[in-house]
Structure formats: C-alpha cells, structure tokens
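Residue strings, one per chain:
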Amino acid sequence: MSSHSQEVVRRLTAPDITARKGGKPIVCLTAYTAPMAGILDNHCDLLLVGDSLGMVVHGLPNTVGVTLEMMILHGQAVMRGSRKAMVVVDMPFGSYEGSAEVAYANAARVMKETGASAVKVEAGQAVVENIAYLTARGIPVMGHVGLRPQAVMTDGGFRAKGRSDEERRRILDDARATAEAGAFAVVVEGVAEGLAREITLAIPVPAIGIGASAGCDGQILVTDDMLGLFDWTPKFVRRYADLRGEIDRAVAGYAADVRERRFPGPAEIYFAKAG
Ligand code: KIV
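Residues numbered from 1 in each chain as written. Predicted model: local features only at pLDDT ≥ 70, side-chain atom pairs only at ≥ 80, totals over all residues. Heavy atoms only, no water.

A. Layout of the pattern of salt bridges. The tally for this structure, following the rule as stated, stands at 14 salt bridges. Between Glu198 and Arg168 there is a salt bridge; the shortest N-O distance is 2.8 Å. Highlighted residues: Glu198 in helix H9 (residues 193-202) and Arg168 in helix H8 (residues 165-180), separated in sequence by 30 residues. Between Asp231 and Arg244 there is a salt bridge, with the nearest N and O atoms lying 3.9 Å from each other. Residue Asp231 is found in the loop between helix H10 (223-226) and helix H11 (243-259), and its partner Arg244 is found in helix H11; the two are separated by 13 residues along the sequence. A relative accessible area of 41% means that Arg244 is categorised as partly exposed. Residues joined by salt bridges that share partners form a network here, namely Arg239, Asp242, Glu246 and Arg249. (Salt bridge = Lys/Arg side-chain N within 4 Å of Asp/Glu carboxyl O. Helix = DSSP H or I, 4+ residues; strand = E, 2+ residues; numbered from the N terminus. Buried < 20%, exposed > 50% of the residue type's maximum accessible area, 1.4 Å probe, protein only.)

Structure below.
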C-alpha cells in the first residue's frame, strides 16, 4: 500500500450545476491551458474551454475557423490542469449543426478524448433536436443563446441582441427550447438586461450571463479579457488586472538586463565543483 495519501477530490457535475438554479451564483471562466486551469480551478465552479480560443490563443479573426482537433487538444490540457471544477468543451462551428448523428459522433469524441463532463453548443431552433438527441444519449449539453459568435457571418458582426420585440421573442424561445431539449444550463450572451432576467425566470436550469445581467444564475467571462491581456475590452467586461501592462514591464526589464549583461547574475549560473 502506498504511504502517500492522495486527497480524493470530486469534480462538479452537470446535475450539481443544475441544482444551483436560483441559488448561490455559479462562477465560470474560460480556460484553454493546463497552468491557467490550475489557477482558476481554486475559484471557479465551471471552466469552459470556449471556442473563443480561436481568437484569444490562435489569433483567428473569429471562431468560425476553430476545429474539433483544436478543441480536443485544449480540452485535454484543461482537464490535466484542473481537479474540482466542471469542465465543458465548446463544439466548434460545423461539428454539431448538420445532423443529430454527426453531432453525437463529434460530441462523443470530445467527451472520450478529453474526459470533460459536457459540451456546449450555440443553440437556436435549428439545433434543438440535436441537443435533445445528445442529452437523451448521455451527453450533458450547455446551450448558448443571444449573441452567438459562430453566427458572425450571417449576423455581420458581434452586436448585442434582443433590442427589437421580434428578436426578444426569438431569443426567449431559443432559451426555453434549449432547456426543454435537456440542456443542464444555458449561456445567455450579449442581450439587454431585462431580457436576461426574463430568460433567467423562464427556464428551469441555470442561466449563465455574459454581457447580460447580475440577475442571472451565474456569470462567465473570457479569462484573458478580465485579466487585461488585451488593449481593448468589451463594455461588459470588468478588468480585474492589467496583465498586458505587467507582462510588458517584465519583458522590458528582461530585455534591458540581457542587453546590459546584467542577466544571468551569479545566483543564476552554475559553478564547477571545487576539486
Ligand atoms: O467561446 C467562449 O469563450 C464562450 C464564452 C464567452 C461564453 O462561448
């Protein structure tokens, strides 16, 4: 028997998150790498391996070019770096919309190859049947309504949604249908505050807001946005740090030390053993 006592930690599950409806707000952030997941895991209930990684990590102009392989690679890293938080992996554009069978094959692959607990899909009436197909076959699904970044080509940009009556009704219907299809939670992105509250009251599972309302059952942000890693911050993001500035100052210090031969110093080099 090993003398090491390894603390057994149970990861949060989809039912745990659903049970938080109307309770203590659910803390969610995006994660793409193992070391960052390790830091966030101490504070978050849910880590989303968002397809925003296409823009944040890979420098793509939007999320349309993100592949299943990219999601799996980052999903594996986040699972390795975290122990407690529920990990949800985004299904990328083109991997779940075409048919229920294709959605199932791709979502099952993500779950098997990453070990994550659920997938997320951008939900509209067109994919509600596919969500029901997945949830009926053992794949927990998180929906995503309102501003749907994968629809950037048809929408013509990232604009807040639900400002007209017709759009409000459609988004509310999307949220209701997604919950009815068995989603364990629904991300509500970029909608007017009143609509976000209405959705939160209308669905029986947690509404997770981003650019939505403090009245939602939980909140999510892109971690790199809230840490101040970009020089532009969307209106709905609160910057909790200025890591871009910190990194810039640190690298400037390193560059100056290298150029002036101040680095490495005596404490940072190896010496031959005497004798
Ligand atoms: O891809 C992503 O990071 C997301 C969140 C911002 C909700 O979908």
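B. Focus on the pairing of strand E1 (residues 26-30). Across the five residues that make up E1, a large majority, four, are buried. Pairing of E1 with strand E8 (residues 218-221) involves four bridges; the strand directions are parallel. What sits directly across from Val27, in E8, is Gln219. Taken together, the three bridges between E1 and strand E2 (residues 46-49) define a ladder with parallel strand orientation. Residue Cys28 lies in a different strand from E2, and its bridge partner there is Leu46. (Pairing = 2+ DSSP bridges.)

C. Examining the domain arrangement of the protein more closely. In terms of domain boundaries, the protein breaks down into domain 1 (14-239) and domain 2 (245-270). Relative placement of domain 1 and domain 2: their C-alpha centres are 40 Å apart. (Domains from an automatic or database assignment.)

D. Representation of the site of the ligand within the structure. Neighbouring residues of the ligand: Thr30, Leu48, Gly50, Asp51, Ser52, Asp90, Lys120, His144, Val187, Ile210 and Val222. One of the side-chain nitrogen or oxygen atoms of Asp90 is found 3.2 Å away from an oxygen atom of the ligand. In this structure, the ligand is accommodated by the largest pocket. Considered class by class, the residues forming the shell around the ligand number four nonpolar, four polar and three charged. (Near = heavy atom within 4 Å. Polar contact = N/O pair within 3.5 Å; in protein donor to acceptor, adjacent residues only side chain to side chain. 1 Å grid on protein atoms, 1.4 Å probe; cavity = no way out; pocket = protein on both sides within 12 Å on 5 of 7 lines; lining within 4 Å. Sits in = over half its atoms within 2 Å of the grid points. Nonpolar A, V, L, I, M, F, W, Y, C, P; charged D, E, K, R; others polar.)

E. Structural context of unusual backbone geometry. The linkage connecting Phe263 with the following residue, Pro264, adopts the cis geometry, with an omega of 0°. Along the chain, the position of Pro264 falls in the segment after H11. A positive phi is found at Arg261, a non-glycine position, where the angle reads about 60°. Position of Arg261 relative to the elements: it lies in the segment after H11. Look at Arg261 and you get exposed, because its relative accessible area is 76%.

F. Region of interest: the sheet that holds strand E6 (residues 185-189). Strand order in the closed barrel formed by eight strands is E1-E2-E3-E4-E5-E6-E7-E8, with parallel pairing between adjacent strands. Ignoring which end each strand starts from, the neighbouring axes of this sheet average 25° apart. Bridge count for strand E4 (residues 118-120) against strand E5 (residues 141-146) is two bridges, and the pairing is parallel. In the sheet register, Val119 faces E5, and the bridge partner there is Val141. Against the sheet, H8 makes contact with E5 and E6, and its axis sits at roughly 175° relative to E5, the strand it touches most. (Axes fitted to C-alpha atoms, helices over the stretch in contact; angles between N-to-C directions. Contact = heavy atoms within 4.5 Å.)

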